[in-house]
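Chains, contacts and geometry: an overview
Here is how the chains run, residue by residue.
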Amino acid sequence: MDSNIKVLKFGGSSLADAEQFRKVKNIVMADERRIYVIPSAPGKRFSGDTKVTDMLYECYNVAESGGDIDEIFSKVCDRYNSIIEGLGIDLDLSLEYQHIKWAILHHAGRDYAASRGEYLNGIILAKFLDYDFIDPSTYIKFFDNGTFDSEITNTLLSTELKKHKNGVIPGFYGSMPNGTIRTFSRGGSDITGSIVARAALADIYENWTDVSGFLSADPRIVDNPKGISFITYRELRELSYMGAGVLHEDAIFPVRFAGIPINIRNTNAPEDTGTMIVPCTDVFDSETVITGIAGKKGFSVITIEKAMMNSEKGFGRKVLEAIEKEGLSFEHLPSGIDTMCVVLHTEEINTCRDRLKNRICASVEPDSISIEDGLALIAVVGRSMVKAKGTAVRVFKAVADSEINIRMIDQGSSELNIIIGVDEKDFEKATNAIYHEFVK
Ligand code: ADP
Ligand code: ASP
Ligand code: MG
């Protein structure tokens, strides 16, 4: 049954200045079902501009090192004041500014500082739309260990939302059991939007950004990539996890719970239909085969060799246990008969490189072990791959024809994705080669 509720999240560039706020209001007012709105903090107005969130992190860093935050904090206030002025609304945030500055100087914390970007933008947007302001710190909850508490959040938030005809709920943050503010990771307003959509049992979660939907490749790497009209949650999760930056990689979990589709839309081109992210679809693209490509640099491979490895019981477990004991998580495990490879983020390995190596050596006594950096991973994702023969061959051939060496291959058993590893220097070229092999 339709709930007649639409939840909308607007990203930082969609709310970067007064002109963008006006576009947002037009979008919200164009449909009376658009009743819950999640704003990000003001983003970049032009290339080279600074996001308010980054300015707030800077305030925190300066304050914690005992410096003077006057100059940088007044730049934050200027951003909001120019929006208020540009909109011509009757709103004075000076008391809020004083309180926030005082709290930052009195160690309210890094997350508190960052969260004020969304908080202040939420107050302005609520006033401009004449919607209720709902502070997520009371309803979006984290456990003591910092992970998100989805169940209590859903109970608290769904009860609260029912009390409001409409509402603006700032993105990105909630609170810990002791009341301190906690944020999601960067880009986390996408997650707040999804949490609100689930709690409201919305018909749809509209995620408004600065591109007309999910593109089949990163537009900064491939020229003018084809747009995606339909994509499943699982395909999206693979692509966003592998770096397709449009939507936060964890944003699908709350809506997936309730089977609510996400529609990615462009605030600057509201007439475009964008991308529909759905639980599943019968729409298969037999022509293109792949739905999208995404990738990331910054991986390392640990290669462990030992004769007769595969008859040694518990070998893999011991290696993974050594990794776990260092507090690391692994990405892939492409392995042979006498070799086992583990792919991890270089940034994480750097915290314990020698210790990790020694731990693995002590635990499994390998014939050799090496850690090589400089790996980029590229994921080729598509639900239609199950139905098309020879997709892997086409991927490998396209890369080989560009004279690029493939350093690793991992095909998911779900036949939804193929992941290859190449040298970081070949990342862009390999992405283009694969893209053009499938998208003519
Ligand atoms: P917002 O501030 O609205 O949350 P983001 O900057 O987080 O927006 O995400 C939108 C950006 O993601 C686009 O401007 C684009 O540069 C980038 N991007 C990366 N990969 C893709 C992709 N596959 N499709 C569309 N955009 C992508
Ligand atoms: N403002 C936060 C960030 O810049 C959260 C978001 O935009 O989603 O990461
Ligand atoms: Mg974003």
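Here is a short report on the structure shown in this document. Each chain carries its own residue numbering, running from 1 in the written order of its sequence. Each chain is given a letter, starting from A, and each ligand a number, starting from 1, according to the order in which they appear as written. Since the coordinates come from a predicted model, pLDDT governs what is reported: local features require at least 70, and pairs of side-chain atoms require 80 or more to be given and counted, while whole-chain, interface and lining totals use all residues. Only hydrogens and water are set aside when side-chain values are computed; all heavy atoms of the structure are taken into account.

1. Section: the packing of helix α4 (residues 94–105) against helix α5 (residues 110–129)
Working note: a packed helix pair is described by the angle between its axes plus the distance between those axes. Filter applied, for reference: Between N-to-C directions, angles span 0 to 180 degrees; the directions come from axes that are lines fitted to C-alpha atoms, helices contributing only their stretch in contact. In this description a helix means any DSSP run of H or I spanning at least four residues, a strand means any run of E spanning at least two, and both kinds are numbered starting from the N terminus. Oblique is the label for any angle not covered by the other classes, which are roughly parallel (under 35 degrees), roughly antiparallel (over 145) and roughly perpendicular (65 to 115). It only takes one pair of heavy atoms within 4.5 Å for two residues to be counted as in contact. For this classification, the nonpolar set comprises Ala, Val, Leu, Ile, Met, Phe, Trp, Tyr, Cys and Pro, the charged set comprises Asp, Glu, Lys and Arg, and every other residue, Gly included, is treated as polar.
Contact pair α4 / α5: the axes reach a minimum separation of 11 Å and the direction vectors enclose 170°. Compared by their axis directions, α4 and α5 come out roughly antiparallel. Here Glu96, Tyr97, His99, Ile100, Ala103 and Ile104 of α4 come into contact with α5, specifically with Tyr112, Ala113, Arg116, Tyr119, Leu120 and Ile123. Taken together, the residues of the contact of α4 with α5 break down into nine nonpolar, one polar and two charged.

2. Quick look at the site of ligand 2
What counts is decided by this rule: To be near a molecule or strand, a residue needs just one of its heavy atoms within 4 Å of it. Under this definition, polar contacts are N or O atom pairs within 3.5 Å; protein pairs additionally need one hydrogen-donor-capable and one acceptor-capable atom, and for neighbouring residues in sequence, both atoms have to be side-chain atoms.
In the vicinity of ligand 2, the contacting residues are Ser40, Thr53, Glu118, Phe172, Arg186, Gly187, Gly188 and Ser189. Within the side chain of arginine 186, a nitrogen or oxygen atom sits 2.7 Å from an oxygen atom of ligand 2. Interatomic distance of 3.4 Å between a backbone N/O atom of glycine 188 and an oxygen atom of ligand 2. Per-class residue counts for the shell around ligand 2 are one nonpolar, five polar and two charged.

3. What to know about the side chain of asparagine 121
To keep things clear, this is the line we draw: Note on exposure labels: buried denotes an accessible area under 20% of the residue type's maximum, exposed denotes more than 50%, and partly exposed covers the range between, all computed with a 1.4 Å probe on protein chains only.
Relative to the assigned elements, asparagine 121 resides in helix α5. According to the relative accessible area criterion, asparagine 121 is buried, its value standing at 0%. At 2.8 Å, the side chain of asparagine 121 forms a polar contact with the backbone oxygen of serine 40. If near-sequence neighbours (up to four positions away) are discounted, asparagine 121 is found in contact with Leu15, Phe21, Ser40, Ala41, Pro42, Tyr80 and Ile83.

Keep in mind that these numbers describe shape and distance, not what the molecule does.
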